Amino acid sequence: MDYLERLKQILLEWGLNHVTAMILSSVILIFAIIVISYLAYLITSKIILVIVRRLIYKSKNEYDNIIFKHKVFNYLIHLIPALIIYYTIPIALPIEKYYSVIQTLTYLYVIIAMLLLVNRFLSASNEILDIISEKKHLNISFKGYVQIVKIIVIIIAIILIIAIISNKEPTTIFAGFGAMTAILLLIFKDIILGFVASIQLSAYNMLKVGDRITMANRDVDGDVIDISLTTVKVKNLDTTISNIPTYALVTESFVNWQGMKIAGARRIARAINIDINSIKFCTQEMIDKFKKIHYLTDYINTKQNELQEWNLKNNIDNSITVNGKRMTNIGVFRIYIENYIADNLKIYHKIEKKNVIIDGYQIQRFHIPDKLKFIEHLQKNIDNQEHKEDFNIFLQEIEGQTYIKDVDKLLLIYEDKFVLENNIIYYLQKIKNISTKSDSEVKLERLEKIVEKEGLFYGDMTYLVRQLAQIGTNVPMQIYVFAATTRWTEYEKIQSDLFDHLFAIIPEFDLRVN
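Residues numbered from 1 in each chain as written. Predicted model: local features only at pLDDT ≥ 70, side-chain atom pairs only at ≥ 80, totals over all residues. Heavy atoms only, no water.

Peer 1: I'd like a rundown of the overall build of the protein chain, residues and numbers included.
Peer 2: If you tally the helices and strands in the protein chain, you get 18 helices and 18 strands. Within the protein chain, the fraction of its 514 residues that count as buried is 35%. Residue pairs at least 24 apart in sequence account for 61% of intrachain contacts in the protein chain once pairs closer than 6 positions are excluded. Total accessible area computed for the protein chain in this model is approximately 31000 Å², and 57% of it derives from carbon and sulfur atoms. (Helix = DSSP H or I, 4+ residues; strand = E, 2+ residues; numbered from the N terminus. Buried < 20%, exposed > 50% of the residue type's maximum accessible area, 1.4 Å probe, protein only. Contact = heavy atoms within 4.5 Å. Areas by Shrake-Rupley, 256 points an atom, 1.4 Å probe, with all protein chains shown as cover.)

Peer 1: Give me the environment of Asp64: which residues, what numbers.
Peer 2: Here Asp64 shows up in helix H3 (residues 63-69). When the C-alpha atoms of Asp64 and Ala124 are compared, they prove to be 9.3 Å apart, with 60 residues separating the residues in sequence. Once residues within four sequence positions are removed from consideration, Asp64 is found in contact with Ile56 and Ser59.

Peer 1: An account of helix H16 (residues 371-379) is requested, with residue identities and associated values reported.
Peer 2: In an α-helix, one full turn covers 3.6 residues, which means residues spaced three or four apart are oriented alike. Regarding H16, the residues found buried are Phe374, Ile375, His377 and Leu378. The arc that holds every buried residue of H16, seen down its axis, measures 160 degrees, which confines them to one face. With respect to the buried face of H16, the exposed residues turned more than 90 degrees away are Leu372 and Glu376. (Arc of directions from axis to C-beta.)

Peer 1: Lay out the packing of helix H15 (residues 329-343) against helix H18 (residues 488-505) with the relevant residues and their values.
Peer 2: Viewed as axis vectors pointing N to C, H15 and H18 meet at an angle of 150 degrees, and their least axial separation amounts to 12 Å. By the criterion of interaxial angle, the relationship of H15 to H18 is roughly antiparallel. Crossing angle aside, the handedness with which H15 passes H18 is right-handed. In this structure, H15 contributes Phe333, Tyr336, Ile337 and Tyr340 to the contact, and H18 contributes Leu498, His501, Leu502 and Ile505. Per-class residue counts for the contact of H15 with H18 are seven nonpolar, one polar and no charged. (Axes fitted to C-alpha atoms, helices over the stretch in contact; angles between N-to-C directions. Parallel < 35°, antiparallel > 145°, perpendicular 65-115°, else oblique. Left-handed = near helix turned anticlockwise from the far one by under 90°. Nonpolar A, V, L, I, M, F, W, Y, C, P; charged D, E, K, R; others polar.)

Peer 1: Explain a nonpolar patch on the surface to me, and be specific about the residues and the numbers.
Peer 2: Together, Phe31, Val35, Leu39, Ile43, Ile47, Ile48, Ile51 and Leu55 make up an exposed nonpolar region whose accessible area comes to about 740 Å². Tracing the backbone through its elements, the reader meets Leu55 in helix H2 (residues 18-58). Under the relative-accessibility criterion, Leu55 is labelled exposed at 57%. (Patch = residues over 30% accessible without salt bridge, like charges linked within 9 Å, V, L, I, M, F, W, Y side chains within 5 Å. Salt bridge = Lys/Arg side-chain N within 4 Å of Asp/Glu carboxyl O.)

Peer 1: Can you lay out the pattern of salt bridges for me, pointing to particular residues and giving the numbers?
Peer 2: The tally for this structure, following the rule as stated, stands at 14 salt bridges. Between Asp275 and Arg512 there is a salt bridge, with the nearest N and O atoms lying 3.2 Å from each other. One end of the pair, Asp275, is in strand E6 (residues 266-275); the other, Arg512, is in the segment after H18, with 237 residues separating them in the sequence. Salt-bridge contacts for Lys371 lead to Glu397; the nearest nitrogen and oxygen are separated by 3.3 Å. Separated by 26 residues along the polypeptide, Lys371 in helix H16 and Glu397 in strand E10 (residues 395-398) bring together distant segments of the chain. Taking relative accessible area as the criterion, Glu397 reaches 47% and is therefore assigned partly exposed.

Peer 1: Give a detailed account of the packing of helix H13 (residues 284-291) against helix H14 (residues 297-313), specifying residues and quantitative values.
Peer 2: It is the contact of H13 with H14, at a shortest axis distance of 8 Å, that shows an interaxial angle of 140 degrees. Relative to H14, the element H13 lies oblique. For the pair H13 and H14, contact is made by Gln284, Ile287, Phe290 and Lys291 and by Thr297, Ile300, Asn301 and Gln304, respectively. For the contact of H13 with H14, the class distribution of residues is three nonpolar, four polar and one charged.

Peer 1: So what about the sheet that holds strand E2 (residues 220-227)? Which residues, and what values?
Peer 2: With antiparallel pairing, the five strands of this open sheet are ordered in space as E4-E3-E2-E1-E5. Strands with a single pairing partner mark the edges of an open sheet, and in this sheet they are strand E4 (241-245) and strand E5 (255-256). Where strand E1 (residues 212-215) lies against E2, four bridges are found, and the strand directions are antiparallel. Across the sheet, Arg212 pairs through a bridge with Asp223, a residue of E2. (Pairing = 2+ DSSP bridges.)

Structure below.
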């Protein structure tokens, strides 16, 4: 239906001349198109968008909240008025050279609106992917990849805009960009290097947001708070922010402390300098005193009997001190430290290997000291009904003791209940918590080892007390142990409490510190 012609006929019937009726009818239709476009914008923004927002907030899906938060729908409604104008303007302006200008401008507006829409959607997608990565423990940062897609979208939009303005085919414009390859490579050098570096960092799991890193040559020591295409942002321990080129983390060396965080322990390696002139053999008075010390009672009794038997067997003349074997105050002090640490170890519920004889051969099998607890742990919150009653397929009875005969199958089926680390099987439990990420609450589930006994020091890592090489009149007594925490404040407190205690008791062993 030709609305322009009908409106012109009405105006002519009202007594207007032909030219005036033609112009006025076009103006009226243009005004009507503008009003309809504005009404469409109001309806979508004030009514439909509000309904969509309410539905999203009521929805249990957490990802649609993120899409709405990034205003993806706000940019989507900008397309509706533009499309109305694009397809209806020829009705008001019958001459092509007039309406084609407005259509071109509208087309450019649509391209820009689509560019902003896609950019917002990609930003929302990046946040969603980060949440999924955190839930699945993928340890992957998608920001660099999303930024590459954004750059490609922007380039495509620029090519389309140039093609429309110059009235040329987009392929022609794209061919022109091909001729400028060398210049483009120079301009986008950091982006290209950063993109390649981000792929390497992700592929080899070298770095992710939240890791603590140290780069001595760049004076960087802190937590990674952002990984982009060209820059890695690090918040240092003194709260300053360092920006490092992404490719520098591939071409230069850095220390990632994430292994310490995963292990749940941080090393203590400090020495106490004992004055060599205070080291001596233990007198009977000292031995009697040490027997009353809780951490030394068993050791002193056992060691004293052992030395007396050896000296008696070898006819040692005890009237001379240097003869035979005797305890020293520094040796007893070393044993005290070892026993003190052993009494404060954090122990996890675990299954360890034990030597067993099968068909005349000595082999190692994982020994289950308490079969009932093992079965109870398997039955707790079990999801796999197929194996609910058939736990014995993993077990083997040998001389009244229970062993695991198929470790691989056990770990495959019950991966949420057991984990194999350093040739030890640990019991696991699910921990649920809520994490806040980019103003969004994320429900997370993580697996943690079950603690059997709380303590200050990690029981499944090396701990020892040893003498280092003498320095002048100092004999360094090094305490090498792992604190059962990775938090800096807790670590320093555990270390300080340990050495506070040791410094306080050193005089009890007639030792001096230099």
